[in-house]
Amino acid sequence: MPPPHHHHHDRAAASAIALVLDADRLARVLEPWVPDAGERTFLVRCIIGEGPIHHRGASYALIALAGEIAARLGVSSPPADRAGVSVPMRLPPHLERPGVEPQVYPLRLDADGLDRLAGGKDGIRQVLTDALTDGPPHHALANVALLNLLSAILRRVEARP
Amino acid sequence: MTSVTLPLGLAQAFRTAAGELGHAGAAEVFVNEIAADRGDDGVAAFRDILGRDFPVADALAGRWLEGWRPGIIETDHIRRHLDGIRRLVVVGLESRHLDALVDAVPSLEIALLAWSALPADWDRVIANCGGRVTAVDLDGIFGWAGPNSAVLCFVYGSADGGTVYAPPGWLRLHGPDMRLQFRALIGWNVLPAPFAVYPRWFHEVQVSDFTAMEDA
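Reading guide: rules and limits
Residues numbered from 1 in each chain as written. Chains lettered and ligands numbered in written order. Predicted model: local features only at pLDDT ≥ 70, side-chain atom pairs only at ≥ 80, totals over all residues. Heavy atoms only, no water. Helix = DSSP H or I, 4+ residues; strand = E, 2+ residues; numbered from the N terminus. Buried < 20%, exposed > 50% of the residue type's maximum accessible area, 1.4 Å probe, protein only. Contact = heavy atoms within 4.5 Å. Areas by Shrake-Rupley, 256 points an atom, 1.4 Å probe, with all protein chains shown as cover. Lys, Arg positive; Asp, Glu negative; His and termini not counted. Charge placed at Lys NZ, Arg CZ, Asp CG, Glu CD. Core = buried A, V, L, I, M, F, W, Y, C linked by side-chain atoms within 4.5 Å. Pairing = 2+ DSSP bridges.

## Digging into the overall build of chain A
Looking only at helices and strands, chain A has 6 helices and 0 strands in total. Going from N to C terminus, chain A has its helices and strands arranged as α-α-α-α-α-α. Dimensions along the principal axes, computed over C-alpha positions, put chain A at roughly 60 × 55 × 40 Å. The proportion of buried residues among the 161 residues of chain A is 38%. Within chain A, contacts between residues at least 6 apart in sequence are counted, and of these 66% link residues at least 24 apart. When the accessible surface of chain A is totalled, it reaches about 9700 Å², and 58% of it is carbon and sulfur. Of the charged side chains in chain A, 17 are positive and 18 negative, and the gap between their average positions amounts to 3 Å.

This is how it looks when you write it as structure tokens:
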């Protein structure tokens, strides 16, 4: 007798996922890192307005929940002195030119949190920064938004008595 | 059919004009001149001769016969979408609209995708823009990308069904690699009216492909 077929879950319709994405909520979460409204609108589109729908839904859930934790902990804004790592706009490989710096997205990576993962391993911050900021923009920018929240949350937690 | 005769070579002349002025811009010039010389019967004849081949000219001539006349090109509603934008890539060509935009936003750097289905002398097209517009090819567009860059595409047709008609340059340029390298993707609908004939030269695209859509 063949094993019963177990559905992990019913596949959600793309339109159903699109309906639960709250652009205003995501914009509010990003605001401390992206004070300019036009840039924020651009980034919200990058993260939940473009790319495969499952990515949009997943990125929204992760960032919105991290934003919720940050709000409950009273994390309001990132420290002003943190320059962060820029997220490049990737050119098609045949257009890359040595020495020509790419344009960057208006959201920088606060990589502080990555140091907690080092455990004595040199270079982990650089290696993971490269992993987080590579790939298609919707992917890289969702990574950066989430990591910024996690870094801020960690700082807040560690500052508690 | 009307009894008015129009000059031989009209279609050839219109084709050249549409390539370098835009379908709507050329249609305005031709309809204006024909109406002045031959009246509404001349415009109707123009439509009969060219309409099936040039759908924008057909629609524009149809509107003319209903009493519509070309007016001043308003740009305020487009400028609202250009807040914080320093560089603009224009896709498709409507020279009157492009001229109006060039005048309205002196600080804006503008590039024009020098590629279209109709043949055009792009040096001549660019020379008409008073040194304010640079020609780019499909690869060159990425050099204009950035967080303070936008794309503006001239589109046509009624958007009631959630779609409009865009020039093929938009299809070549519009993809996941490009969309996220520009802050805004603006559609400027220069002829927001239904087509009465098959809109050859253009392709139906979703209004939602654009971050903003404005009627002329």
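That covers the picture; the talk isn't over yet.
## A look at the environment of Ala24 of chain B
Residues and elements named next belong to chain B. By the secondary structure assignment, Ala24 is in helix α2 (residues 23-50). By relative accessible area, Ala24 is classed as buried at 2%. Through-space distance from the C-alpha of Ala24 to that of Phe142 is 28 Å; in sequence the pair is 118 residues apart. Excluding anything up to four places from it in sequence, Ala24 contacts Val56, Leu60, Glu94, Tyr156 and Val190.

## As for the nonpolar core
Phe14, Phe46, Leu82, Leu152 and Tyr156 of chain B are the most contacted members of the largest nonpolar core, which totals 58 residues. No other element matches the 11 residues that α2 of chain B contributes to this core. Here Phe14 of chain B is in contact with His23, Ala26, Ala27, Phe30, Phe46, Leu50, Phe54 and Ala57 of chain B, once residues within four sequence places are set aside. Judged by nonpolar contacts, the second largest core, of 38 residues, contains Ile47, Tyr60, Tyr105 and Ala140 of chain A.

## Let's talk about the pairing of strand β4 (residues 146-156) of chain B
Residues and elements named next belong to chain B. Among the 11 residues in β4, 11 count as buried, and that is most of the element. As paired strands, β4 and strand β6 (residues 182-191) are joined by 8 bridges and run parallel to one another. Its bridge partner being in β6, Cys153 is matched across the sheet by Gly187.

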